[in-house]
Amino acid sequence: MKEPEWLVPGYIPKYGITTIAGEGGVGKTSIWCSLVASITSGKQTFLLGNEIPFNNDPENVIVFSAEDSWTYVLRARLEANGADLDRVGFISPEDERFVDLNFDGDLLKGIIEENRPGVIVFDPLQAFVPANLRMGDRNAMRKCFSPLIGYGEQYKLTSIIIAHANKQSGVWGRKRIADSSDIWDASRSVLMTGLTSEKDVRYISQEKSNYGRLSDTVLFSLDECVPTFKCYSDKKDRDFILADARERNIRPVVEDAKDFIIDTLRERGQMEVSELDELAAANSISKNAMRDAKAALKKEGTTKTWSIGYGNNKKFLIILKDAGKTNE
């Protein structure tokens, strides 16, 4: 028996899989960018607050993201968090090889063997599961994850997987990533993230740990996509979900949609309206609620919308108005 080694003490063990799951717009990308910055620089991570001095030897990281552009989003966000970009490798969706990047594929194995990174980030989970594999098939998913688990032991590799959480009412913990089947069982640590009832305050709750008691929940804020530690809490994902469910029972659905739009645009900046609508649908927000929320925010002067292109190439864009003024 060996004592566990830690990438982030108490939260992210080395040489295994850690899953970070949450709904769209809660800040998952900013979280993993901050973690990559800490890993590549060897400096303190916001998860450890201000009281626990911690330094690691810098490690190389490879990023596979199907969610955001490296050129327009990820590079800037990593720089803002203090990452050593010389230690960050990536393959973007524009690369023709990206479609062959699967957890159990030869391409991934070859990249690991050749580059020997300390950490790989996969965002999101669904992009790296073979197209013909049903995620509800536990046996198939177990086989899909098996090579990734083996790489941890063989190549001393730590995998951080970003997963979308469902937004079923009254569901928390394991059930929130049930659509991802065996990812919970394959992970040595599972971190759920979401919004608290306090304005601009978010949480990271450890819901599974293979190495003892669960670590304290971290409350943090996002300042221009940089997570800032606020305090620890003994509340877990269940407490925040139930509190949110109680609030939703007394709030109009349009208010929820308005909050979703503001939080998403604050994190992502300028977006296509169609992309925002798709993200809302994935979070169980109705078309009518989104339509009314967008109209209300525009009337209030909170958002700005405009179009570019013509005919079939016409696109509608949306941004928070304060961000739009800053850009101008």
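Conventions and cut-offs
- Residue positions are given per chain, counting from 1 as you read along its sequence in written order.
- Under the rules for a predicted model, residues below a pLDDT of 70 receive no local features and side-chain atom pairs below 80 are neither given nor counted, while totals for whole chains, interfaces and linings still include all residues.
- Hydrogens and waters are ignored; side-chain quantities use all the structure's heavy atoms.
- Helix and strand assignments come from DSSP, with helices taken as H or I runs of at least 4 residues and strands as E runs of at least 2, each series counted from the N terminus.
- A radius of gyration in this sense is built from C-alpha atoms; the matching globule rule multiplies 2.2 Å by the number of residues raised to 0.38.
- The buried label applies to any residue whose accessible area, calculated with a 1.4 Å probe on protein chains only, is under 20% of its type's maximum; exposed applies above 50%, and partly exposed to all values in between.
- Contacts were defined at the residue level, with two residues in contact if any of their heavy atoms lie within 4.5 Å.
- Only the protein chains shown count as covering a residue, and every accessible area follows the Shrake-Rupley method with a 1.4 Å probe.
- Under the convention used here, Asp and Glu are negative, Lys and Arg are positive, and both His and the chain ends fall outside the count.
- The atom standing in for a charge is NZ when the residue is Lys, CZ when it is Arg, CG when it is Asp and CD when it is Glu.
- Only Phe, Tyr and Trp rings are paired, with Trp represented by its six-membered ring, and only when their centres lie within 6.5 Å; those with planes under 30 degrees apart are stacked, over 60 edge-to-face, the remainder tilted.
- Our definition puts a charge over a ring when NZ of Lys or CZ of Arg is within 6 Å of the ring centre and also within 35 degrees of the ring normal.
- Note: two strands are recorded as paired if DSSP finds a minimum of 2 bridges between them.
- Axes here refer to lines fitted to C-alpha atoms; in helices the fit is confined to the stretch in contact. Angles between the N-to-C directions go from 0 to 180 degrees.
- The arc in question is traced by the directions running from the helix axis to the C-beta atoms.
- We call a set of buried residues a nonpolar core when its members are Ala, Val, Leu, Ile, Met, Phe, Trp, Tyr or Cys and they connect through side-chain atoms within 4.5 Å of each other.
- Throughout this description, the term salt bridge denotes a Lys or Arg side-chain nitrogen within 4 Å of a carboxyl oxygen of Asp or Glu.

Student: Lay out the overall build of the protein chain with the relevant residues and their values.
Tutor: Assigned secondary structure in the protein chain consists of ten helices and 14 strands. Taking 328 residues into account, the globule formula puts the C-alpha radius of gyration at 20 Å, and the protein chain, at 20 Å, falls close to it. Judged by the C-alpha coordinates and their principal axes, the protein chain covers about 60 × 45 × 40 Å. Across the 328 residues in the protein chain, those meeting the buried criterion constitute 51%. If you take every contact in the protein chain between residues at least 6 apart in sequence, the share linking residues at least 24 apart comes to 61%. Roughly 16,500 Å² of accessible area belongs to the protein chain as shown, and the carbon and sulfur atoms make up 46% of that amount. Charge separation in the protein chain, taken as the distance between the mean sites of 44 positive and 49 negative side-chain charges, equals 4 Å.

Student: Tell me about the packing of aromatic side chains, and please be specific about residues and values.
Tutor: One pass over the full model with this rule turns up 13 aromatic pairs. Consider the rings of Phe64 and Phe122, whose centres lie 5.8 Å apart with planes at 50°: the pair is tilted. Of the two residues, Phe64 is situated in strand E4 (residues 61-65) and Phe122 in strand E6 (residues 119-123); the sequence distance between them amounts to 58 residues. With a relative accessible area of 0%, Phe64 lands in the buried category. Given a relative accessible area of 1%, Phe122 falls into the buried group. Measuring from ring centre to ring centre gives 6.3 Å for Phe64 and Phe128, while their planes differ by 45°; the resulting arrangement is tilted. Pair noted here: Phe64 is in strand E4 and Phe128 is in the loop between E6 and helix H4 (138-155), with a separation of 64 residues, a long-range link. Put simply, the rings of Phe64, Phe98, Phe103, Phe122, Phe128 and Phe145 touch in pairs and so form one group of aromatic residues. A cation sits over an aromatic face here: Lys156 above Tyr15, 5.0 Å from the ring centre. Looking at Lys304, its charged tip hangs above the ring of Trp306, at a distance of 5.4 Å from the centre.

Student: Tell me about the sheet that holds strand E5 (residues 88-91), and name the residues and values.
Tutor: The mixed open sheet is built from nine strands, whose spatial order is E5-E4-E6-E7-E3-E8-E9-E10-E11. This sheet does not close on itself; its edge strands, each paired only once, are E5 and strand E11 (226-233). With direction set aside, neighbouring strand axes in the sheet form an average angle of 20°. Relative to strand E10 (residues 217-223), strand E9 (residues 202-209) runs antiparallel, the two being bridged by three bridges. Of the residues in E10, the one forming a bridge with Arg202 is Phe220.

Student: So what about helix H8 (residues 273-282)? Which residues, and what values?
Tutor: Every buried residue belonging to H8 is among Val273, Leu276, Leu279 and Ala280, and all of these are buried. End-on view of H8: buried residues confined to an arc of 125°, all on one side of the axis. The exposed set on the far side of H8, more than 90 degrees from its buried face, consists of Glu278, Ala281 and Ala282. Looking at the buried positions of H8, the neighbouring elements they touch are helix H7 (253-268), strand E12 (271-272), helix H9 (287-300) and strand E14 (315-320). Just downstream of H8, Ser284 is the residue with a positive phi angle, here 65°.

Student: Account for the side chain of Asp237, naming residues and giving values.
Tutor: Looking at the secondary structure, you find Asp237 in helix H6 (residues 237-248). Take Asp237: its relative accessible area is 0%, and that puts it in the buried class. Once you skip the residues sitting within four places of it in the chain, Asp237 turns out to touch Trp172, Gly173, Arg176, Met192, Tyr203, Ser205 and Glu207.

Student: I'd like to hear about the nonpolar core, residue by residue, with values.
Tutor: Ranked by size, the top nonpolar core spans 34 residues in total, and within it Phe64, Phe103, Leu108, Phe122 and Ile161 carry the most contacts. Listing elements by their share of this core, those giving two or more residues are strand E3 (17-22), E4, helix H3 (106-115), E6, H4, strand E7 (158-164), helix H5 (183-186) and strand E8 (189-195). Among the elements that take part in this core, H4 stands out by supplying seven residues, more than any other. Residues within four places of Phe103 in sequence aside, it is in contact with Leu108, Phe122, Leu125, Phe128, Val129, Cys144, Phe145, Pro147, Leu148, Tyr151 and Ile161. Ranked by size, the runner-up nonpolar core spans 32 residues in total, among them Leu47, Val119, Ile160 and Ile204.

Student: Break down the pattern of salt bridges for me, citing the residues and quoting the values.
Tutor: Applying the stated criterion across every chain yields a total of twelve salt bridges. Measuring nitrogen to oxygen at the nearest pair gives 3.7 Å for the salt bridge that ties Glu79 to Arg75. Within this pair, Glu79 and its partner Arg75 are both found in helix H2 (residues 70-80), separated by four residues, close to a single helical turn. Note on Arg75: relative accessible area 38%, which makes it partly exposed. Each of the salt bridges in this network shares a partner with another, and the network as a whole consists of Asp200, Asp263 and Arg266.

Student: Run through the environment of Lys321, naming residues and quoting values.
Tutor: Following the sequence through the fold, Lys321 ends up in helix H10 (residues 321-327). Taking the C-alpha atoms as reference points, Lys321 and Gly16, 305 residues apart in sequence, are found 43 Å from one another. Excluding residues within four positions of it along the chain, Lys321 makes contact with Gly301, Thr302, Thr303 and Lys304.

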